[in-house]
Amino acid sequence: MISGQVLDRDGDPWINASVEVYRYVWRNGKHQVRGYNSEPVNDRGEFRIAQLPRGRYFLVATLHPSPSTAKRAREEEQTTSYPNALRQDGATPIPVQAGQELQGIEIRLRKSAVYWIRGKVIGLASAASETTAEGAWRKPGVSAIVPSSDQQYAGTLQADGSFGIGGVPPGSYEIPVSQIRLSRAAMRQNGLGRTQVAVTSHNIIEDAVVAVTQPRQLGGHVRVEGDEHANISGVQVWLETVDGSSWMEPGIPREDGSVEFGQVGAERYQVRVKSTADTLYLKAIRWGGIETRNPIVDLTQDRGSALELLLNAKGPQIQGRVKVRFVKSGGFY
């Protein structure tokens, strides 16, 4: 458990915030910081986050946007990582042992010059708008995301494609445009397009352009290596963008191995396969005539409309060599 208080630069409590907890995870072969939990502060700026397993955590005081300052380019309090860093990569991790209670943690908000990112989304009319049996698509949205993290700033997107993202401190950002569909079964978020920008005091972004690519209908086929008639009931296939910004409900293969993912945005996705029997793993992917063991598929390239997944029931094999090194300590080996 971690508890503490969010304070401004003068030491006064800050009540218009939430404290988010992040920790390291392995994603796509990289050690990345991802969100774990979040709690709003109370009327004294205090927070308490319980039920944390043993590990190293990062705390971020995320400020709720204030309409009164939305269009002012001036210094103001910013989302701050513990103890007082403007970006997550400058945060100090907090080690937590099993059953440990850490109290008195203070997050001191930093002030920073903030700017707007403005621009235009091209091709917005191609975004989905219909209501299907799976649910209704919401209007597309835009945000600024700090690369390789969950830190982001929400923006507003007008019907004519113009957008603005306010309260952004200097730094490099991904600007994705995405669309959400809600259904009884799950929530789906499609990436429609993105661009990259760098905000500095000398480079205020007023003309960013994001080109929207119409989502494509994607299907595929799942088969088990060496056993074309293998039972694949209980297999689920997920597609998630490499940066984790977009995701969709899992595809469920039919008895013949065919699977449908529905409308999918033009992004780079990681393919994840889960089997209730825990006996199958993803061995290879075939997309547009190219086979790879890399679980990343690039749908920004038009290679076709079918994704072939090869599963294996034998499990991967790992080979290597163990070396033993003796270190002398206190006169003994």
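Residues numbered from 1 in each chain as written. Predicted model: local features only at pLDDT ≥ 70, side-chain atom pairs only at ≥ 80, totals over all residues. Heavy atoms only, no water.

Visitor: I'd like a rundown of the sheet that holds strand S17 (residues 162–168), residues and numbers included.
Guide: Ordered by their spatial adjacency, four strands build an open sheet running S16-S17-S11-S20, and the pairing between neighbours is mixed. In the strand order of this sheet, the two ends are held by strand S16 (156–157) and strand S20 (208–211), each with one partner. Sheet analysis places strand S11 (residues 115–122) next to S20, joined by four bridges and oriented parallel. Its bridge partner lying in S20, isoleucine 122 is registered against alanine 211. (Pairing = 2+ DSSP bridges. Helix = DSSP H or I, 4+ residues; strand = E, 2+ residues; numbered from the N terminus.)

Visitor: With reference to specific residues and values, describe unusual backbone geometry.
Guide: Backbone phi values are negative for most residues with the exception of glycine, while trans is the configuration of most peptide bonds. Tyrosine 82 connects to proline 83 through a cis peptide bond whose omega is 0°. Along the chain, the position of proline 83 falls in the loop between strand S7 (80–81) and strand S8 (94–96). Backbone geometry places glutamine 51, a non-glycine residue, at a positive phi of 55°. Turning to its location among the elements, glutamine 51 is positioned in the loop between strand S4 (46–49) and strand S5 (55–63). Relative accessible area serves as the criterion here: at 76%, glutamine 51 is assigned to the exposed category. (Buried < 20%, exposed > 50% of the residue type's maximum accessible area, 1.4 Å probe, protein only.)

Visitor: Would you mind going over the sheet that holds S4 in detail, with residue names and values included?
Guide: If you walk across this open sheet you meet the three strands as S4-S1-S9, and the pairing is mixed. The sheet is open, and its two borders are formed by S4 and strand S9 (102–108), each paired with just one other strand. Looking at each pair of strands side by side, their axes are set apart by 25° on average, direction ignored. Across five bridges, strand S1 (residues 2–7) lies against S9 in parallel orientation. Following the sheet pairing, valine 6 is matched in S9 by isoleucine 107. (Axes fitted to C-alpha atoms, helices over the stretch in contact; angles between N-to-C directions.)

Visitor: Explain the environment of alanine 230 residue by residue, including any values.
Guide: Inspection of the secondary structure assignment puts alanine 230 in the loop between strand S21 (216–224) and strand S22 (235–241). With a relative accessible area of 22%, alanine 230 lands in the partly exposed category. Separated by 27 residues in sequence, alanine 230 and glycine 257 place their C-alpha atoms 9.6 Å apart.

Visitor: I'd like to hear about the environment of proline 53, residue by residue, with values.
Guide: Structurally, proline 53 is set in the loop between S4 and S5. Residues proline 53 and glutamine 100, spaced 47 residues apart in sequence, show a C-alpha to C-alpha distance of 9.4 Å. Contacts of proline 53, omitting those with residues within four sequence positions, involve Arg23 and Tyr36. (Contact = heavy atoms within 4.5 Å.)

Visitor: Tell me about the confidence of the model for the protein, residues and numbers included.
Guide: Predicted coordinates in areas of low pLDDT are best not read in detail. Overall, the predicted model of the protein reaches an average pLDDT of 83, with 85% of residues at or above 70. Across residues 67–72 the pLDDT falls below 50, and counting only partners more than four positions away or on other chains, this stretch makes seven contacts in the model. Every residue in residues 327–333 is under pLDDT 50, and counting partners more than four places away or in other chains gives four contacts. (pLDDT = per-residue confidence, 0-100.)

Visitor: I'd like a rundown of the nonpolar core, residues and numbers included.
Guide: With 22 residues, the main nonpolar core has Ile117, Val121, Phe163, Ile165, Tyr173, Ile175 and Val177 as its most contacted residues. Elements that contribute at least two residues to this core include exactly S11, strand S14 (141–145), S17, strand S18 (171–182), strand S19 (187–199) and S20. Among the nonpolar cores identified, the runner-up in size contains 21 residues, and Val259, Trp287, Leu299 and Leu311 belong to it. (Core = buried A, V, L, I, M, F, W, Y, C linked by side-chain atoms within 4.5 Å.)

Visitor: Before we move on, could you go through the side chain of threonine 80 and cite the residues and values that matter?
Guide: Note on placement: threonine 80 falls in strand S7. Judged by its relative accessible area of 0%, threonine 80 falls in the buried class. Among the polar contacts listed, one links the side chain of threonine 80 to the backbone oxygen of glutamine 78, at a separation of 2.7 Å. Discounting chain neighbours no more than four positions away, the residues touching threonine 80 are Leu59, Val60, Ala61, Ala85, Ile107, Arg108, Leu109 and Arg110. (Polar contact = N/O pair within 3.5 Å; in protein donor to acceptor, adjacent residues only side chain to side chain.)

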